[in-house]
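# Topology and contacts: notes
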Amino acid sequence: MRPIQATIDRSALTHNLSVVKATAKQSKVMAVVKANGYGHGLLNAAQGLAAADAFAVLGLDEALALRNAGYQQEILLLEGVFSADELLTVSEQGISIVVHCEAQMEMLENSHIKSVSVHLKMNTGMNRLGFKSEAFESALSRLAQCQQVTEITLMTHFATADEAQGVSAPFALFNRVTEGKSHPKSVANSASILRFSETHLDWVRPGIMLYGSTPVSGQSAASFGLRAAMHFTSQIIAIQVLETGESVGYGQRFTADKKMRIGIVACGYADGYPRHAPNGTPIAVDGLMTQTLGRVSMDMLFVDLSALPDATIGSSVELWGNQVPVDAVAESSGTIGYELLCAIAPRVPVRVLT
Ligand SMILES: *Cc1c(COP(=O)(O)O)cnc(C)c1O
């Protein structure tokens, strides 16, 4: 079997959840486990985050998988339902829904379901989902008149919580429109949790920070006390010695300027490693930091062993995890930790630590 593996450390998830709780002490925590638990496996994530007050997912299938696994917490569908059939199912299973647009409002008003809990979404500048601030008030009173709706939470999602400009304008807009309303309020994602304590309110909705990756570029996950929940590892399966002037890999993108040893690692873009990782992307071999060289291929990539004379076939490689932050690989590759974690390929065997 290829030596590649993703190890999921549930105790790191639990630890990161406790960081959220210590940061937002007054708030309830809705753990976001969409996208297969940010690549960690939905149920692996839920097990590590079992102490969360609620879960958020995208699809009804994910919500049902959590219910079937025995989770009793509130479960929220972040995009709401896509059909009247789904509305029936969420009502029967006690799953909460976002209502973000007129079409969903009408579906709800015209339904004969018994009860459902709704998170009404305001668009505060992301312009993705949600009622514009001018339309929010009337959407809220329509919901309040729906006998099917048993509980209403007011929510928004910030476009710039991780940017220099912050959230003051959209947050002020949300506060102005929802002022005096007694409904619970929910606005903060990971970046907002870590940067803007005034946004914690009744609920917080952390995603990426639970998995031990940073939501704020330029500030490491470790600096927030977070631990990597995914350790992506493999081994060296071949060694090559390059003479001066020899190149390695497709396109000969790296050429040796001295005689050097390189290691061939059993991991490529078909495993979820970013093909855009340039020469010099951080990687660890036998616990020592080194760098990738040459173009990442489908099933293999190359590491510099110049400073690692003891490295050999079978040496362990950490693609990302404790030693190599996923965020460092992401930054080198022009992306964010979220994308790398979510893109771990189905062919990578997963091992779960408890
Ligand atoms: C994905 C998502 C979150 C979590 O965001 P992170 O940046 O991963 O913390 C919170 N709220 C909504 C509506 C989301 O879609």
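Residues numbered from 1 in each chain as written. Predicted model: local features only at pLDDT ≥ 70, side-chain atom pairs only at ≥ 80, totals over all residues. Heavy atoms only, no water.

### Observations regarding the layout of surface pockets
Filter applied, for reference: Residues are said to line a cavity or pocket when one of their atoms sits within 4 Å of a point; the points come from a 1 Å grid over protein atoms alone, cavities being sets where a 1.4 Å probe fits but cannot get out and pockets being open sets with protein on both sides within 12 Å along at least five of seven lines. Grid points are joined across faces, edges and corners, and a volume is the space filled by probe spheres set on the points. Counting from the N terminus, the helices are DSSP H or I runs at least four residues long and the strands are E runs at least two residues long. Only Asp, Glu, Lys and Arg are considered charged in this grouping, and only Ala, Val, Leu, Ile, Met, Phe, Trp, Tyr, Cys and Pro are considered nonpolar; every other residue, Gly among them, is considered polar.
Approximately 600 Å³ is the volume attributed to the largest pocket. Considering the residues around the largest pocket, the lining is formed by 25 residues, among which Lys34, Met126, Arg128, His157 and Asn189 are closest to the centre. Mapped onto the lining of the largest pocket, the elements with two or more residues apiece are α2 (34-38), α9 (190-195) and α11 (337-342). Top element by residues in the lining of the largest pocket is α2. It accounts for three residues. A class-by-class count of the residues in the lining of the largest pocket yields 15 nonpolar, four polar and six charged. As a volume, the second largest pocket reaches approximately 480 Å³. Taken together, 26 residues make up the lining of the second largest pocket; nearest its centre are Thr214, Val216, Gln219, Asp327 and Ala328. Listing elements by their share of the lining of the second largest pocket, those giving two or more residues are α10 (326-332) and α11. Sort the elements by how many residues they give to the lining of the second largest pocket and α10 lands first, with four residues.

### Details of the domain arrangement of the protein
What counts, and what does not: Boundaries between domains were set according to an automatic or database domain assignment. Contact criterion: two residues are considered in contact whenever any of their non-hydrogen atoms come within 4.5 Å of each other. Here the buried area means the combined drop in accessible surface, using a 1.4 Å probe, for two parts upon being joined, counting both sides. One side-chain nitrogen of Lys or Arg within 4 Å of one carboxyl oxygen of Asp or Glu is enough to make a salt bridge. We call two N or O atoms a polar contact when they sit within 3.5 Å, provided that within protein one can donate a hydrogen and the other can accept it, with sequence-adjacent residues counted only if both atoms are side-chain atoms.
Assigned domains of the protein: these are domain 1 (10-213) and domain 2 (230-353). Placing a centre on the C-alpha atoms of domain 1 and another on those of domain 2 gives a separation of 37 Å. Between domain 1 and domain 2, the residue contacts involve nine residues of the former and 10 residues of the latter. With both sides pooled, the region where domain 1 packs onto domain 2 buries about 850 Å², and carbon together with sulfur makes up 62% of that total. Summed over the three residues of domain 1 that lose the most area to domain 2, namely Tyr38, Ile208 and Ser213, the buried surface amounts to 44% of that side. At the boundary of domain 1 and domain 2, one finds zero salt bridges. On inspection of domain 1 and its partner domain 2, the count reaches two residue pairs in polar contact (both at pLDDT 80 or more). Residue classes in the side of domain 1 that touches domain 2 are distributed as four nonpolar, four polar and one charged.

### What about the side chain of Ser133?
The criterion, for reference: Burial classes: relative accessible area under 20% of the type maximum marks a residue as buried, over 50% as exposed, and values in between as partly exposed (1.4 Å probe, protein chains only).
On the secondary structure map, Ser133 appears in helix α7 (residues 133-145). Residue classification places Ser133 among the buried positions, given a relative accessible area of 14%. At a separation of 2.8 Å, a polar atom in the side chain of Ser133 contacts the side chain of Glu134. Once you skip the residues sitting within four places of it in the chain, Ser133 turns out to touch Met122, Asn123, Leu173 and Val177.

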